[in-house]
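The primary structure of each chain is shown beneath.
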Amino acid sequence: MRILVLSDIHANLTALETVINDADTVDAVWCLGDLVGYGPYPNECIRLVSSLPNLICLLGNHDAAVLGRIDLDTFNYEARSSIQWTNTNLTPESIAFLRNLPEKKVLQEVTLVHGSPRNPVWEYLMEKNNARENFDYFTTRLCFVGHTHLPATFILRDFGASVDRKVFHTDEIEFLTERMIINPGSVGQPRDHDPRAAYGIFSSEDSSWEQRRVSYDVKHVQTVIERIGLPGRNSLRLAGGW
Ligand code: ZN
């Protein structure tokens, strides 16, 4: 199966459409959460994601906050006011879709979460140390995460004694042969100073992974964010990828 793996769309429909076109035909889609928040197209993104083939979609922290399941005080000003705007603009269909999202999905060889296997909605996997601890919280060989908006892969080494962190080159095929935690990066708000939308293609037959980036019309999304009156930083950061 050729599987599109994406995360952190954050209501950026233009980036999402570009990624779906760029990915071409896939057999299944794994969406690792945060469909909404920051961006201007929450309903459109939910509608498009829910139409994708053999979809598995997880709950992110922004999705949970929009549903009132996370205290808004735990978010910074931009995130909080975007969540409030999203909350008042979601359709009943969108709310129903978000309500049904699971926090974790365990398949044959793969675990899927938004944040980390230890704390599926909240924990950020940035450092080798907390990645090392998290290998004890899932039993499959591979785990896919999002949440940090940074494409990166943690590889368990030395019979579990240490962890390497790698950023795979874009458009190169890697074979995921060891125990690994893989983050495809963010579709709608990359934070590695590369403004292009990030995602990956996983082939389940040979466990191959292709990290991909694609440029989209950032200017258009910025114009809509400004017109709606969402925080200016939400627009600014898209151009710089931060
Ligand atoms: Zn996010």
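Residue indices begin from 1 for each chain and proceed along its sequence in written order. The predicted origin of the model limits local features to residues at a pLDDT of at least 70 and limits the giving and counting of side-chain atom pairs to 80 or more, whereas totals for whole chains, interfaces and linings rest on all residues. Hydrogens and water molecules were not included; the side-chain quantities draw on all heavy atoms of the structure.

*Asks:* So what about a nonpolar patch on the surface? Which residues, and what values?
*Replies:* In this scheme, patches are assembled from residues that exceed 30% relative accessible area and form no salt bridge. Like charges are connected within 9 Å, while nonpolar side chains (Val, Leu, Ile, Met, Phe, Trp, Tyr) are connected within 5 Å. Note on areas: Shrake-Rupley with a 1.4 Å probe; residue coverage comes only from the protein chains shown. Definition used for salt bridges: Asp or Glu carboxyl oxygen within 4 Å of a side-chain nitrogen of Lys or Arg. Together, Trp-122, Tyr-124 and Met-126 line one region of the surface with nonpolar side chains, adding up to about 260 Å² of accessible area. Labels follow the DSSP assignment, with helices taken as runs of H or I lasting at least four residues and strands as runs of E lasting at least two, numbered in each case from the N terminus. One can find Met-126 in the loop between strand E5 (110–113) and helix H6 (128–134).

*Asks:* Just give me the short version of the pattern of salt bridges, but keep the residues and values in it.
*Replies:* If you walk through the whole model with that rule in mind, you get 12 salt bridges. Asp-164 is the partner of Arg-157 in a salt bridge, and the nearest nitrogen-oxygen pair spans 2.9 Å. Take Arg-157: its relative accessible area is 24%, and that puts it in the partly exposed class. Note on classification: 1.4 Å probe, protein chains only; a residue is buried when its accessible area is under 20% of the maximum for its type, exposed when over 50%, partly exposed between these limits. Judged by its relative accessible area of 31%, Asp-164 is partly exposed. We note a salt bridge from Arg-213 to Asp-192, for which the minimum N-O separation is 2.7 Å. Taken together, the residues Arg-213 in strand E12 (residues 208–214) and Asp-192 in the loop between strand E10 (180–183) and strand E11 (197–203) connect sequence positions 21 residues apart. On the basis of relative accessible area, Arg-213 is assigned to the buried category, the value being 9%.

*Asks:* Requested: an account of the sheet that holds E11, with residues and values cited.
*Replies:* Taken in spatial order, the 6 strands line up as E3-E2-E1-E11-E12-E9 in an open sheet, and their pairing is mixed. Because the sheet does not close on itself, it has two edges, and the strands there are strand E3 (55–57) and strand E9 (173–175). Averaged over neighbouring strand pairs, the angle between their axes works out to 20 degrees when direction is ignored. Summarising the sheet, E11 and E12 pair through 7 bridges and their orientation is antiparallel. Counted as the bridge partner of Ala-197 is Val-214 from E12. Any two strands between which DSSP finds at least two bridges are classified as paired. Here the axes come from fitting lines to C-alpha atoms, over the contacting stretch only for helices, and the angles between their N-to-C directions go from 0 to 180 degrees.

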